[in-house]
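Structural overview for review
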Amino acid sequence: MAGRSADDDRGGTVVTPSAEFPPLEPAEVDALRRVGAHWRVGAPPALPVDPTLDRYRNRPTPGRFSRLAPIALFRPAPGAPAGRDGLVAAERADQPDSPLGRRLGRLRRVLLGPPLASAAVLHERMRKLVALPVLSSDLLSSVAYGPEALLTVLVLAGSGALGLALPLSAGLVLLMVAVGISYRQTIPAYPHGAGSYLVAGDNLGVGAGLTAAAGLMLDYVLTVSVSIAAGVHAITSALPGLTPFAVPLGVLVILLLLAGNLRGVRAAGNLFVLPTYAFVAAVLGLLVVGYLRAAGRGFAPVAPPVVPATEGLGLLLVLRAFASGAVSMTGIEAVSNAVPAFRTPEWRNARTTLAWMVAMLVVLFAGLTLLIHLAGLVPRPGETLLSQLARLTFPTGPWYAVIQVTTALILLLAANTAFNDFPRLLFFMARAGHAPRRFLHLGDRLAFGNGLVALAGTAVVVFVAFGGHTEKLIPLYAVGVFLAFTLSQSGMVVHWRRHRGDGWRRRALVNGVGAALSGLVLLTAAVAKFTEGAWVVVVAVPLLVLLFDRIHRHYRTLHAALALRPPSADPAPPTAACGPAAGPPEAAAGPPGASASRPVEGEELPQELRHLVVVPVVRLNRASMRALAYAVSLGRPTLAVHLAPEDAEADRFREQWRAWGDHVRLETIVSPYRAVVGPLAHYLEALHTAAPELVLTVVVPEVVLRRPGHRLLHSRTGQRLRRALRALPGVVVTTVPVHVVE
């Protein structure tokens, strides 16, 4: 359950709609065959209604559950063999039927767009020119506050210490190049993405992988908070009157980013392309004009204003300044996490994009730091260094406003990098069982909506708690990201030593240098900034790792509890209760005198009832086997229904069903928009409309958990289905519980 799938071994992407439906292991398939061999129910009775909804003959008329004919909500699966073909749910099958639900659905469509079919997942990839601004917005925007963070620490030792900014910046450039090359090696080695989490977990152990994941998760949350805080600060630097509204403005921007990303990867990418490129062009223009003016005075640096020292100049202060300036590197791992989001060939396009990003980062960071030094600027409250440099370089004209607007935009949109990577990280963790499985779900716009909402909600809490102040959030920033950097690069050293391909020593050396430099920054930030707020991250990381381990333990216990257990001996022969199931097909026709015209809820005698038992089956485990056994034991015609997000998963499930023995008629419904409750409810309505004299008994397997906290780790599909069917007469929903004792 926690291992990698076959897609991993092939090097392809595993971000597919079918990730919610993991295939059975070979041992489970063998157990399934052995269980099926002991099913002794005789020939299955004839079904009283065509499960294909009689699509080739009489079409059902509209019913109370829907104004449209239910048959129109489904179509035959293409290329399916006659007699056993599946159905494909139309987009309308997930539309609500209440007036309020329809209005909310129309509003959702306006805000987020129409749903995308599962087959469109390949078209939602990004080309390099789109991926570059989407994934580099965090990295490139950090140059707007990275040099200032470095100088803010140095100036504590007085203006005389500002001369150390250039050698420290040279060291940071070396760190950027080393880490960039290291991640460039990571991409082809791990082309399925997941970055530091997967690299550290594969090579250093599960604990190291979870530690890297915890660091990355904190980094992504802080990326949103810091980026929004810095962007709002850029706005209030130009418009001081908006300072009292900084916190509400930041929360509003986070919500807008959430809405934009819920529209899907490609739609969100198109929204954020122009601001990033505009910022790069504006800063390059600032550098060109600034250096031309510096050349006019022979590149002689302007003496900075005298600033009294508040701390002594020592090694600890220098290391703190270096660690503060290292926040300019946050986001450098974004490409390695999002390799599956690129167009094919994914790893090659991702590696090229990363090279462009690092080159642009080095040019902008080094150029701004040196120009600030030549201009003799020092940090001061109320205005950013970039704003001071822009005022000095462009004293007249609209160019200062252009610099501030583009800076504010990219800082506000830099959080989009986290919105791309945080849900993907949760996806990989959920696939391994270390995060709730609901994070595997792709929404109707092929976006990880649950992960996006979790990130936005957490970021809003952090942003409001710290009052939107960048200087309060920066000390928390470097620890988590450089923890992930260090573990990832250390894991790559182990990876090269294990595989020992051509040039493995050179590659291991590159990753070793990146790990050493990242570890130095990590230790410096954790020690020097511990009392300034870094203690929060130091404490939060082990707590998160403990939480991930408890989640994995719960899923492991659940998997063991639901695993099929083949009978060791021949079970007893079927009892009389199962007799009708083995009867002739005519038994399904119902007793004489049963009136189809009588209202379905008007029967008073047992012989007046005609039954069809429907069992929704998600995965063939002990819970579904128990539900099927219960349904067949009722001695009534039984139909199993499986909803799949795409044809490949439907075909795979049918193979598993045949391996079990095909003891019950199965109908598969492909739901290309990944909805479950809506298509299933409409399918049951269609069956009932085709044969209104039937009583449909829906048998839903349900896992019963004793601990309330564990219920949050599971979806409540049975309850949602029961609510959806409440208005439909003639449908009975019954639950077959499977109790899990932990």
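Since the structure is predicted, the reported quantities are computational estimates derived from the model, not experimental observations. (Residues numbered from 1 in each chain as written. Predicted model: local features only at pLDDT ≥ 70, side-chain atom pairs only at ≥ 80, totals over all residues. Heavy atoms only, no water.)

Glancing now at a positive patch on the surface. The grouping of R438, R711, R716, R720, R722, R723 and R726 at the surface amounts to a positive patch. Broken down by element, the positive patch gets its largest block of residues, 3 residues, from helix α25 (residues 717-725). Relative accessible area serves as the criterion here: at 48%, R723 is assigned to the partly exposed category. (Patch = residues over 30% accessible without salt bridge, like charges linked within 9 Å, V, L, I, M, F, W, Y side chains within 5 Å. Areas by Shrake-Rupley, 256 points an atom, 1.4 Å probe, with all protein chains shown as cover. Salt bridge = Lys/Arg side-chain N within 4 Å of Asp/Glu carboxyl O. Lys, Arg positive; Asp, Glu negative; His and termini not counted. Charge placed at Lys NZ, Arg CZ, Asp CG, Glu CD. Helix = DSSP H or I, 4+ residues; strand = E, 2+ residues; numbered from the N terminus. Buried < 20%, exposed > 50% of the residue type's maximum accessible area, 1.4 Å probe, protein only.)

A separate point is the packing of helix α5 (residues 146-154) against helix α6 (residues 165-189). For the pair α5 and α6, the least separation of the axes is 11 Å and the interaxial angle reads 135°. Considering the angle they form, α5 stands oblique to α6. The chirality of how α5 crosses α6 is right-handed. Contact residues: α5 offers L150, L151 and L154, while α6 offers A165, L168, S169 and L172. Of the residues assigned to the contact of α5 with α6, the class counts are 6 nonpolar, 1 polar and no charged. (Axes fitted to C-alpha atoms, helices over the stretch in contact; angles between N-to-C directions. Parallel < 35°, antiparallel > 145°, perpendicular 65-115°, else oblique. Left-handed = near helix turned anticlockwise from the far one by under 90°. Contact = heavy atoms within 4.5 Å. Nonpolar A, V, L, I, M, F, W, Y, C, P; charged D, E, K, R; others polar.)

This part is about unusual backbone geometry. Notably, F299 is not glycine yet its phi reads approximately 55°, a positive angle. Within the element layout of this structure, F299 appears in the loop between α10 (265-296) and α11 (315-325). Classification of F299 as partly exposed rests on a relative accessible area of 45%. Despite not being glycine, D662 shows a phi value in the positive range, around 55°. Looking at the secondary structure, you find D662 in the loop between α22 (647-660) and β5 (665-670).

Before going further, it helps to examine the pattern of salt bridges. Summed over the entire model, instances satisfying the criterion amount to 8 salt bridges. One salt bridge connects D549 with R553, and the closest N-O pair in it is separated by 3.1 Å. Taken together, the positions of D549 and R553, both in helix α20 (residues 530-562) and 4 residues apart, correspond to about one turn of that helix. For R553, a relative accessible area of 39% corresponds to the partly exposed category. The residue E693 makes a salt bridge to R610 at a minimum N-O spacing of 2.9 Å. One end of the pair, E693, is in the loop between α23 (677-690) and β6 (694-705); the other, R610, is in strand β3 (residues 610-616), with 83 residues separating them in the sequence. Here R610 falls in the buried class, since its relative accessible area comes to 15%. A single network of salt bridges, built from pairs that share partners, joins R380, E383 and R391.

Time to look at the side chain of S142. Mapping S142 onto the fold places it in the loop between α4 (128-141) and α5. A distance of 2.5 Å separates a polar side-chain atom of S142 from the backbone oxygen of L139. A distance of 2.6 Å separates the side chain of S142 from the backbone oxygen of S328, its partner in a polar contact. (Polar contact = N/O pair within 3.5 Å; in protein donor to acceptor, adjacent residues only side chain to side chain.)

On to the packing of aromatic side chains, then. Tallying each qualifying case throughout the model produces 7 aromatic pairs. Ring geometry for F427 against F428: centres 5.5 Å apart, planes inclined by 85°, an arrangement best described as edge-to-face. Here W657 and W660 contribute two aromatic rings whose centre-to-centre distance is 4.7 Å and whose plane-to-plane angle is 65°, an arrangement assigned as edge-to-face. Here the residue W657 and the residue W660 both occupy positions in helix α22, the gap between them amounting to 3 residues, near one helical turn. In terms of burial, W657 and W660 fall into one category: buried. (Phe/Tyr/Trp six-rings, centres within 6.5 Å; stacked < 30°, edge-to-face > 60°.)

Before going further, it helps to examine the packing of helix α2 (residues 26-37) against α22. Between two packed helices, both the angle of their axes relative to each other and the distance between the axes serve to describe the pair. Two elements in contact, α2 and α22, have axes separated by 7 Å at closest approach and are oriented at 45°. The orientation of α2 with respect to α22, classified from their angle, is oblique. Between α2 and α22, the contacting residues are V29, L32, R33, V35 and G36 on the first element and Q656, A659 and W660 on the second. Among the residues forming the contact of α2 with α22, the class breakdown is 5 nonpolar, 2 polar and 1 charged.

Moving on, we come to the confidence of the model for the protein chain. In low-pLDDT regions, the fine details of the predicted coordinates are not to be read closely. In this model, the protein chain carries a mean pLDDT of 79, and residues with pLDDT of at least 70 account for 83%. Averaged pLDDT values for the elements of the protein chain fall to 39 in helix α1 (residues 6-10) and rise to 92 in strand β4 (residues 638-644). For residues 1-13, every residue scores under 50 in pLDDT, and the model assigns this stretch 27 contacts once sequence neighbours within four places are set aside. Here residues 572-597 scores under 50 on pLDDT; set against residues more than four positions off or in separate chains, the count is 28 contacts. (pLDDT = per-residue confidence, 0-100.)

Turning next to the pairing of β5. Of all 6 residues that make up β5, 6 are buried, and the element is covered over most of its length. Every second residue of β5 is oriented toward a common face, with R665, E667 and I669 on one face and L666, T668 and V670 on the other, all of them buried. Judged from the 2 bridges that link them, strand β2 (residues 87-89) and β5 form a sheet pairing that is parallel. Of the residues in β5, the one forming a bridge with V88 is V670. Relative to β5, β4 is paired through 6 bridges, and the arrangement is parallel. Counterpart to L639 in the pairing with β5 is R665. On the question of chirality, the crossover connecting β4 to the parallel β5 by way of α22 is right-handed. (Pairing = 2+ DSSP bridges. Right-handed = clockwise from strand over helix to strand, strands pointing away.)

The end-to-end C-alpha separation of helix α15 (residues 399-413) is 21 Å, in line with the 21 Å expected for 15 residues at 1.5 Å each. For α15, the complete set of buried residues consists of Y400, I403, Q404, T406, T407, A408, I410, L411, L412 and L413. (Expected span 1.5 Å × (residues − 1).)

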